[in-house]
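What follows is each chain in one-letter form.
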Amino acid sequence: MNRETKRLMQRQGQMEADGSPSTRRAQPSTTRTPRQQKGGAPARRRATPAQFVREVRDEMRQVAWPSRAELINYTSVVFTTLVIIVLNLAFGKLITLLFSK
């Protein structure tokens, strides 16, 4: 366990400052409000459609998109593989028809 994990566990109350496991336990909640999930955590509110679109746009900006040359290379590999598989299937069907009679 590294230093960062220990500090995180201390902040969450799972570990004492000296490194021993924490003996303090949170009291379980006996009643749930209608907006809480089964685990006792409050339910998250739904995002509005506009907020959803903004978040999707922000995530798409973080994607490492391939260059045009890479895209052409990947596409040619996929089509070549597809042609080989189709030809293999056709050849297998042809052989099956020839030897089944």
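Cut-offs used in this document
Residues numbered from 1 in each chain as written. Predicted model: local features only at pLDDT ≥ 70, side-chain atom pairs only at ≥ 80, totals over all residues. Heavy atoms only, no water. Helix = DSSP H or I, 4+ residues; strand = E, 2+ residues; numbered from the N terminus. Buried < 20%, exposed > 50% of the residue type's maximum accessible area, 1.4 Å probe, protein only. Areas by Shrake-Rupley, 256 points an atom, 1.4 Å probe, with all protein chains shown as cover. Salt bridge = Lys/Arg side-chain N within 4 Å of Asp/Glu carboxyl O. Patch = residues over 30% accessible without salt bridge, like charges linked within 9 Å, V, L, I, M, F, W, Y side chains within 5 Å. Expected span 1.5 Å × (residues − 1).

**Student:** Summarise the overall build of the chain; cite the residues concerned and give the values.
**Tutor:** When helices and strands are counted, the chain shows three helices and zero strands. From first element to last, N terminus to C terminus, the chain shows the α and β order α-α-α. Among the 101 residues that make up the chain, the fraction classed as buried is 3%. Element-wise, carbon and sulfur atoms account for 59% of the exposed surface of the chain, whose accessible area totals about 10,200 Å².

**Student:** Help me get a handle on the pattern of salt bridges, residues and values and all.
**Tutor:** Enumeration according to the criterion identifies one salt bridge in this entry. Between R61 and D58 there is a salt bridge whose closest N-O contact spans 3.8 Å. Of this pair, R61 and D58 both sit in helix 2 (residues 49-61), separated by three residues, roughly a single helical turn.

**Student:** Could you give an account of the environment of E16, with specific residues and numbers?
**Tutor:** With respect to the element layout, E16 can be found in the loop between helix 1 (3-12) and helix 2. We classify E16 as partly exposed; its relative accessible area is 25%. Residues E16 and K6, 10 residues apart in the sequence, show an inter-C-alpha distance of 9.3 Å.

**Student:** Which residues make up a nonpolar patch on the surface, and what values go with them?
**Tutor:** On the surface, a nonpolar cluster with roughly 580 Å² of combined accessible area is contributed by F52, V53, V56, M60, V63 and W65. Relative to the elements of secondary structure, F52 occurs in helix 2.

**Student:** Hey, could you go over helix 3 (residues 68-100) for me, with residue numbers and the actual values?
**Tutor:** Here helix 3 is 33 residues long and its end C-alpha atoms lie 48 Å apart, about the 48 Å a rise of 1.5 Å per residue gives. Counting buried residues along helix 3, only zero of its 33 residues qualify, which leaves the element largely exposed.

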